[in-house]
Amino acid sequence: MSTSPLYPLWLRVWHWYNAALFLALVVSGVSMHYAGTAWLLGFNQAVAIHNVSGSLLALGWIAFVLANLKSDNGRHYLPRPRGLVRDLWVQARYYAYGIFRDEPHPFHAGPAAKFNVLQQLSYLGAMYLLMPLLILSGLGFLFSPQLPETLLGISSLWLVAMTHVLTSYLLVLFLLVHVYIITIGDSLTANLRAMLTGEHGTSDDTQETDRHAS
């Protein structure tokens, strides 16, 4: 059984740091949205936790982007244009049909490619589209007194609020899918173990990865 150190220490630390803060944001955000519900956080406590967690999440996101620009890790989030439609079809078919027929996974993570094409597109959307929108709308809330009263005839605060809430819902959906994907690796815990140890491998990883990269 061969193993490949796919996830460097900084990425694993960022991953769990990001996960903890995101969960804190979900709990505090729901507490603010449903203020007064006994089993949730108090409103003032939720606001304080949300503001601190959001600020730390924004700093972590900046560090993530800079690290990907500086290191080789960033290339793993970029789909290859060549064969993109074919790879999308193969991967989508597997998730929608093949996985329930116990077909072999069409992609295995390796040094040449950590993510299949659907993962690449979802990470691109989450980290480089939704996260900036979440952070910017969060800043809009923090500095709402400085916002213009209206934008194109619509309340600026309403636009900020709707952007923040809708983006949050989409990222929660991403998180739920992400947790599900953890369970469908080479074993039930293989993907989780990889993000703890940095290593991921099966006996045919190298062969499958080379075939995917060719």
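Position labels on residues start from 1 in each chain and follow its written sequence. For a predicted model such as this one, the threshold for reporting local features is a pLDDT of at least 70, and the threshold for listing and counting side-chain atom pairs is 80 or more; totals across whole chains, interfaces and linings nevertheless cover every residue. Processing note: side-chain calculations cover all non-hydrogen atoms of the structure and skip hydrogens and water entirely.

## Brief notes about the overall build of the protein
Argument step 1. Only DSSP runs of H or I with at least four residues qualify as helices, and only runs of E with at least two residues qualify as strands; both kinds are numbered from the N terminus onward. The secondary structure content of the protein amounts to seven helices and four strands.
Argument step 2. When the helices and strands of the protein are read in sequence order from the N terminus, they spell out β-α-α-α-α-β-β-α-α-β-α.
Argument step 3. Along the longest, intermediate and shortest principal axes, the C-alpha atoms of the protein span 60 × 40 × 35 Å.
Argument step 4. The buried share among the 214 residues of the protein stands at 36%.
Argument step 5. A separation threshold of at least 6 residues defines the contact pool for the protein, and within that pool the share at least 24 residues apart is 69%.
Argument step 6. Residue exposure ignores everything except the shown protein chains as possible cover, and the areas themselves are Shrake-Rupley values with a 1.4 Å probe. About 12,900 Å² of surface is accessible on the protein, with carbon and sulfur atoms providing 70% of the total. Burial classification: accessible surface area is computed with a 1.4 Å probe over protein chains only, and a residue below 20% of its type maximum counts as buried, one above 50% as exposed, and the rest as partly exposed. The contact criterion used throughout is that any non-hydrogen atoms of two residues lie within 4.5 Å.

## Considerations on the environment of Met127
Argument step 1. Looking at the secondary structure, you find Met127 in helix H4 (residues 117–142).
Argument step 2. Each residue touching Met127, except ones within four places of it in the same chain, is listed here: Trp14, Trp61, Phe64 and Pro132.

## Here we look at unusual backbone geometry
Argument step 1. Look at Asp102: it is not a glycine, yet its phi comes out positive at around 60°.
Argument step 2. Following the sequence through the fold, Asp102 ends up in the loop between helix H3 (84–96) and H4.
Argument step 3. The exposure class assigned to Asp102 is exposed, which follows from its relative accessible area of 71%.
Argument step 4. We note that Leu152 has phi near 55°; this positive angle belongs to a residue other than glycine.
Argument step 5. Note on placement: Leu152 falls in the loop between strand E2 (150–151) and strand E3 (154–155).
Argument step 6. On the accessibility criterion, Leu152 (81% relative accessible area) is exposed.

## Re the packing of H3 against H4
Argument step 1. Here an axis means a line fitted to C-alpha atoms, over the contact stretch when the element is a helix, while the angle between two N-to-C directions is reported on a 0 to 180 degree scale. Between H3 and H4, the shortest axis-to-axis distance is 8 Å and the interhelical angle comes to 100°. Viewed along their axes, H3 and H4 adopt a mutual orientation that is roughly perpendicular. Only Val117, Leu118 and Leu121 of H4 make contact with H3, whose side of the interface consists of Leu84, Asp87, Leu88, Gln91, Ala92 and Tyr95.
Argument step 2. In this classification, the charged set is Asp, Glu, Lys and Arg, the nonpolar set is Ala, Val, Leu, Ile, Met, Phe, Trp, Tyr, Cys and Pro, and all remaining amino acids, among them Gly, are polar. Of the residues contributing to the contact of H3 with H4, the split by class is seven nonpolar, one polar and one charged. Should an angle lie under 35 degrees it is considered roughly parallel, over 145 roughly antiparallel, and from 65 to 115 roughly perpendicular; all remaining angles are considered oblique.

## Some thoughts on the packing of aromatic side chains
Argument step 1. Put simply, two rings from Phe, Tyr or Trp (the six-membered ring, in Trp's case) pair if the centres are within 6.5 Å, and we call them stacked under 30 degrees between planes, edge-to-face over 60, tilted for the rest. Tallying each qualifying case throughout the model produces eight aromatic pairs.
Argument step 2. Look at Tyr123 and Phe174: their rings are 5.8 Å apart centre to centre, the planes differ by 75°, and that puts the pair in the edge-to-face class. Residue Tyr123 is found in helix H4, and its partner Phe174 is found in helix H5 (residues 156–182); the two are separated by 51 residues along the sequence.
Argument step 3. Joined through ring pairs, the aromatic side chains of Trp14, Phe64, Tyr77, Phe115, Tyr123, Tyr128 and Phe174 make up one cluster.

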